[in-house]
Amino acid sequence: MRVAVLASGNGSNFEAIAQAFETQAIQGELVLLFSDRKDAYVLERAKKYQIPRFSFSPKDFASKKQYEAALRDLLLTNQIDFVVLAGYMRIIGQDLLETFPNRILNIHPSLLPSFPGLHGIKDAYDYGVKLTGITIHFVDAGVDTGPIVAQAAVEITNEDTLATLEEKIHQLEHHWYPRVIADITQKGVK
Ligand code: GAR
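What counts as what
- Residues numbered from 1 in each chain as written.
- Predicted model: local features only at pLDDT ≥ 70, side-chain atom pairs only at ≥ 80, totals over all residues.
- Heavy atoms only, no water.
- Helix = DSSP H or I, 4+ residues; strand = E, 2+ residues; numbered from the N terminus.
- Rg over C-alpha atoms; globule rule 2.2 N^0.38 Å.
- Buried < 20%, exposed > 50% of the residue type's maximum accessible area, 1.4 Å probe, protein only.
- Contact = heavy atoms within 4.5 Å.
- Near = heavy atom within 4 Å.
- Polar contact = N/O pair within 3.5 Å; in protein donor to acceptor, adjacent residues only side chain to side chain.
- Areas by Shrake-Rupley, 256 points an atom, 1.4 Å probe, with all protein chains shown as cover.
- Nonpolar A, V, L, I, M, F, W, Y, C, P; charged D, E, K, R; others polar.
- UniProt positions renumbered as here; feature names shortened; annotations may be inferred.
- Axes fitted to C-alpha atoms, helices over the stretch in contact; angles between N-to-C directions.
- Parallel < 35°, antiparallel > 145°, perpendicular 65-115°, else oblique.
- Left-handed = near helix turned anticlockwise from the far one by under 90°.

### Examining the overall build of the protein
No. 1: In terms of regular secondary structure, the protein is built from 6 helices and 7 strands.
No. 2: The secondary structure elements of the protein, listed N-terminal to C-terminal, are β-α-β-α-β-α-β-α-β-α-β-β-α.
No. 3: What you see for the protein is a C-alpha radius of gyration of 16 Å, in line with the 16 Å of a compact globule of 190 residues.
No. 4: If you line up the protein on its principal axes, its C-alpha atoms span 50 × 40 × 35 Å.
No. 5: Taking all 190 residues of the protein together, 47% fall into the buried category.
No. 6: Sequence separation of at least 24 residues holds for 62% of the intrachain contacts in the protein that already meet a minimum separation of 6.

### Examining the site of the ligand
No. 1: In the neighbourhood of the ligand, 13 residues make up the surrounding shell, with G11, S12, N13, H108 and E173 lying closest.
No. 2: One nitrogen or oxygen atom from the main chain of N10 is found 3.4 Å from an oxygen atom belonging to the ligand.
No. 3: Measuring from an oxygen atom of the ligand, one finds a backbone N or O atom of I107 at 3.5 Å.
No. 4: Here the ligand has 460 Å² of accessible area as a free molecule, and 91% of this is covered by the chains.
No. 5: Those elements giving two or more residues to the shell around the ligand turn out to be helix 1 (12–22), strand 5 (104–108) and helix 6 (162–187).
No. 6: Split into classes, the residues belonging to the shell around the ligand amount to 3 nonpolar, 8 polar and 2 charged.

### Some details on the UniProt feature "binding site: N(1)-(5-phospho-beta-D-ribosyl)glycinamide" (unreviewed entry) in the protein
No. 1: Sequence positions flagged by UniProt for "binding site: N(1)-(5-phospho-beta-D-ribosyl)glycinamide" (unreviewed entry) are, in local numbering, G11, S12 and N13.
No. 2: Note on placement: S12 falls in helix 1.
No. 3: Looking at S12, the relative accessible area reads 16%, which means it is buried.
No. 4: The contact partners of S12, leaving out residues within four places of it in the chain, are R45 and H174.

### Comments concerning the packing of helix 1 against helix 2 (residues 41–48)
No. 1: Closest axis-to-axis distance for the helix 1/helix 2 pair is 9 Å, and the angle between their directions is 20°. Looking at the two axes, helix 1 sits roughly parallel to helix 2. Classified by chirality, the crossing of helix 2 by helix 1 is right-handed. Taking contact as the criterion, the partners of S12, F14 and E15 in helix 1 are, on helix 2, V42, R45, A46 and K48.

As structure tokens, then:
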């Protein structure tokens, strides 16, 4: 299975995934990293793993459709079978969804359908829920919607600050995302 990761930011999930490919906990090949932000730290992380990095942003194109067409071409040229979103903060357009049906996976830092969007951890913390977590799901045309593959929960205690909660969530993500990717790519996708 030839896998691409799309990411917009820090890249801690990308790194957990890259390590899992390196130890062959995930079978297959991590073919490329794409970021829609040229200054994203994830691009720096990819250097260490010698994974080819690509970056362009919607601003480089006349329309979102053209941006996505370029991204689609990049993925098709590299014969990508499976796309993993790791903090990729954009909605996936129809063309890409149709090119990779049931082949785009996302991770979100809350127990969906609660707290979708850009600030899943903070929104759950501010709301005051006692239980939150992570959701791994296939991507559809919505924001953090699509069939759920796995969830893991974590308690928010009275001692938690936003920072400690973020740390707990990221630990859960780094533990589960590579395992779920391994499971799905090994079983094959329908
Ligand atoms: C992760 O917590 C991921 O769940 C979240 O962005 C973070 C990226 O961290 N994704 C979303 O909120 C998607 N709606 P990372 O760059 O360190 O992997």
